[in-house]
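Okay, here's what each chain looks like letter by letter:
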Amino acid sequence: MLTLFRTRLFRLRFACSRHANAIKIVARLRWPLTLRILSRPKLALAASLFLGTLNPFLLSARGQNAEPSPTSSEPPLPAGEISRPSREVQVETNANPVNENFRRFRYNLGVTVREVYDDNINISSFQRISDFYTVIEPGIHLGFGDSAGGFNYLTFDCIASAYFFAEQTQRNTVEHLIRLAAQHDFGRLVLGLSQDVSILGGTSISSLSNTTGVQANTDVGSASRVNIYNTTLNGTYDLTGKLFLSGQASYAISDYETLISSQVASGNLYINYVYSPKLVIGLGATGGLNSTEGSTSDETFEQMNVRANYIVSGKISLTISGGIEFRQFGGGGDSVSPVYEIAGSYRPFENSIITIAGSRRTVSSASLAGQDYTDTTISLTFSQRLFSRVNLGLGVGYTNSEYLSATTGASTARSDDYFYIEPSIDVDITRYWSIGFYYLHRQDSSTLALFSFYDNQLGVRSSLTF
């Protein structure tokens, strides 16, 4: 996936992070801290901006809708997740410089409580059931890092979501998201390793990074338990003052309790050129193997991609990757499809930010045997902070899913169009306590009526962070 440059020293705010999706790729970065680059080699700067840092993804958006990862295993889009950080970095908090070495060990605790009315907890057109439910979401972040040593670090993150339904008590469940990540700088070589575990209890969300469920699992279309495991090894290596290599190897498992489980092993390698401090371009290839349960044969795929990171101005940044994927189905046949990912941000004013994200990729279906589907997504989020305490947010998104046969005799003419919109408002009562309100409308129009639905949620949330 494409990643952006993010500071690792942050204030953890579960379900109410101010700028969880609003990252600005410039020399001055806030999330909500400010990172000032005092001095750095041109290559280190460009690689940092281009590849991003390994960072926890447990922060939920306050007034924004972070795009969750799909519940199905899928090949990663062509980008690394490792940085070449500067050796000389200063962190600012509340305009006061703080040396990160004074906080080599960091911890954050938080809990969010949500009260929600949902008029379609089954996200179904045939079994529409409404209910009230309470969600309690505690979380913890532990981190040990050394900026003077080149951002060597070890982090652990865990968030749990406990759902308690007022009437449909059989739907009560507890979900978990766990992440362990490490990075070490050997000089010219930087290596990173991460392990992600998602234990989802069928609340129709695909990630706990936004627990309101803006990106519903439309492939399944109903509550289904799934465990997701993703192991990633990535790195960069400096060749010259203008060239560096980056690569990634990953193994992902989607283990459904009653549906079709799948596994994906993949790897990529890129050569990147620092054209200027504002522009880095890369060319590379990705390959992998996709296997599913049942009689369906394994699939292989290859990608050729070009990518670029461009800082247009102090207010605008853009990261884009695009290419062609060639996929071979073990049961017969093949396909050729474009793949891309784009992420951009625009900050017209100090307290306003607009972000855009989009992607296209092929995923194995968990609901239809012998089927894949190509997801094309686009999302837009807006965040505005008023009077130093009020945060307004708006998120909209659209996904088109086109299904294709992965084996002979398994053709299903299915196409889905999914849309969501989520306005929100959150108010900081104190430094540690905030209260917010949100409304979520989501709907899916499918050529198979079984998977069509519309859903409305009204939620009130309160968060404590320490």
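Residues numbered from 1 in each chain as written. Predicted model: local features only at pLDDT ≥ 70, side-chain atom pairs only at ≥ 80, totals over all residues. Heavy atoms only, no water.

A.B. asks: I keep staring at the overall build of the protein chain and nothing clicks. Help me out?
C.D. replies: Looking only at helices and strands, one finds one helix and 22 strands in the protein chain. Taking all 466 residues of the protein chain together, 57% fall into the buried category. Once local pairs closer than 6 in sequence are excluded, the contacts in the protein chain between residues at least 24 apart make up 65%. As displayed, the protein chain has an accessible area near 18,200 Å², and 64% of this comes from carbon and sulfur atoms. (Helix = DSSP H or I, 4+ residues; strand = E, 2+ residues; numbered from the N terminus. Buried < 20%, exposed > 50% of the residue type's maximum accessible area, 1.4 Å probe, protein only. Contact = heavy atoms within 4.5 Å. Areas by Shrake-Rupley, 256 points an atom, 1.4 Å probe, with all protein chains shown as cover.)

A.B. asks: Whenever I open this one, the environment of S463 confuses me. Can you help?
C.D. replies: Mapped onto the secondary structure, S463 falls in strand β22 (residues 453-465). On a C-alpha basis, the gap between S463 and G436 in space is 8.6 Å, while along the polypeptide they are 27 residues apart. At 2.6 Å, the side chain of S463 forms a polar contact with the side chain of T112. (Polar contact = N/O pair within 3.5 Å; in protein donor to acceptor, adjacent residues only side chain to side chain.)

A.B. asks: Can you help me understand the pairing of strand β17 (residues 352-364) in this one?
C.D. replies: Two faces, one strand: in a regular strand the side chains alternate between the faces of the sheet. Of the strand pairs in this sheet, strand β16 (residues 334-346) and β17 are connected by seven bridges, and their pairing is antiparallel. Looking across to β17, one finds that S345 is bridged to T355. If you look at the hairpin formed by β16 and β17, you'll find five residues sitting between the two strands. With 13 bridges connecting them, β17 and strand β18 (residues 371-386) associate as antiparallel partners. Note that in β18 the partner of S352 across the bridge is Q384. Two successive antiparallel strands, β17 and β18, enclose a turn made up of six residues, where G370 displays a positive phi of approximately 70°. (Pairing = 2+ DSSP bridges.)

A.B. asks: Even after reading the chapter, I still don't get unusual backbone geometry, so can you show me in this structure?
C.D. replies: Comment: phi is negative for the bulk of residues other than glycine, and the bulk of peptide bonds are trans. Despite not being glycine, I123 has its phi angle at roughly 35°, a positive value. Looking at where I123 falls in the secondary structure, it is placed in the loop between β5 (105-118) and β6 (131-146). You can call I123 buried: its relative accessible area is 2%. Residue F387 is not a glycine yet carries a positive backbone phi of 55°. For F387, a relative accessible area of 74% gives the class exposed.

A.B. asks: Honestly, the side chain of N290 in this entry has me stumped. Any pointers?
C.D. replies: In this structure, N290 sits in strand β13 (residues 279-292). According to the relative accessible area criterion, N290 is buried, its value standing at 2%. A distance of 2.6 Å separates a polar atom in the side chain of N290 from a polar atom in the side chain of S364. If we skip the residues at most four places from it in the chain, N290 touches S262, Q263, V264, D298, E299, F301, R327 and S364.

A.B. asks: For this particular structure, what's the right way to read the environment of Y373?
C.D. replies: You can see Y373 is positioned in strand β18. Expressed as a C-alpha distance, the spacing of Y373 and D219, which sit 154 residues apart in the sequence, is 8.7 Å.

A.B. asks: In this structure, what is going on with the packing of aromatic side chains? I would like to understand it.
C.D. replies: Here the distance between the centres and the angle between the planes together describe a pair of aromatic rings. On inspection of all chains with the given rule, the structure shows eight aromatic pairs. Both rings, one in Y133 and one in Y163, keep their centres 5.9 Å apart while their planes meet at 45°; by these two values the pair is tilted. One end of the pair, Y133, is in strand β6; the other, Y163, is in strand β7 (residues 152-165), and 30 residues separate them in sequence. As far as burial versus exposure is concerned, Y133 and Y163 are alike and both buried. Here Y432 and F466 contribute two aromatic rings whose centre-to-centre distance is 5.8 Å and whose plane-to-plane angle is 20°, an arrangement assigned as stacked. In this pair, Y432 is assigned in the loop between β20 (415-428) and β21 (433-446) and F466 in the segment after β22, connecting sequence segments 34 residues apart. Take Y432: its relative accessible area is 39%, and that puts it in the partly exposed class. Among the aromatic side chains, those forming a connected cluster through ring pairs are Y133, Y163 and F165. (Phe/Tyr/Trp six-rings, centres within 6.5 Å; stacked < 30°, edge-to-face > 60°.)

A.B. asks: Would you explain the pairing of strand β15 (residues 316-329) in this entry?
C.D. replies: Residues S317, T319, S321, G323, E325, R327 and F329 of β15 are buried on one face, while the alternating residues I316, L318, I320, G322, I324, F326 and Q328, pointing to the opposite face, are not. Relative to β15, strand β14 (residues 299-310) runs antiparallel, the two sharing 12 bridges. Residue pairing in the sheet places V306 in a bridge with G322 of β15. Two strands pair when backbone bridges link them, and β15 and β16 are joined in this way by 13 bridges, in the antiparallel orientation. For I320, the partnering residue across the bridge sits in β16 and is I342. Taking the residues that link successive antiparallel strands as the turn, the β15-β16 hairpin has four residues, and the phi of G332 there is positive, at about 120°.

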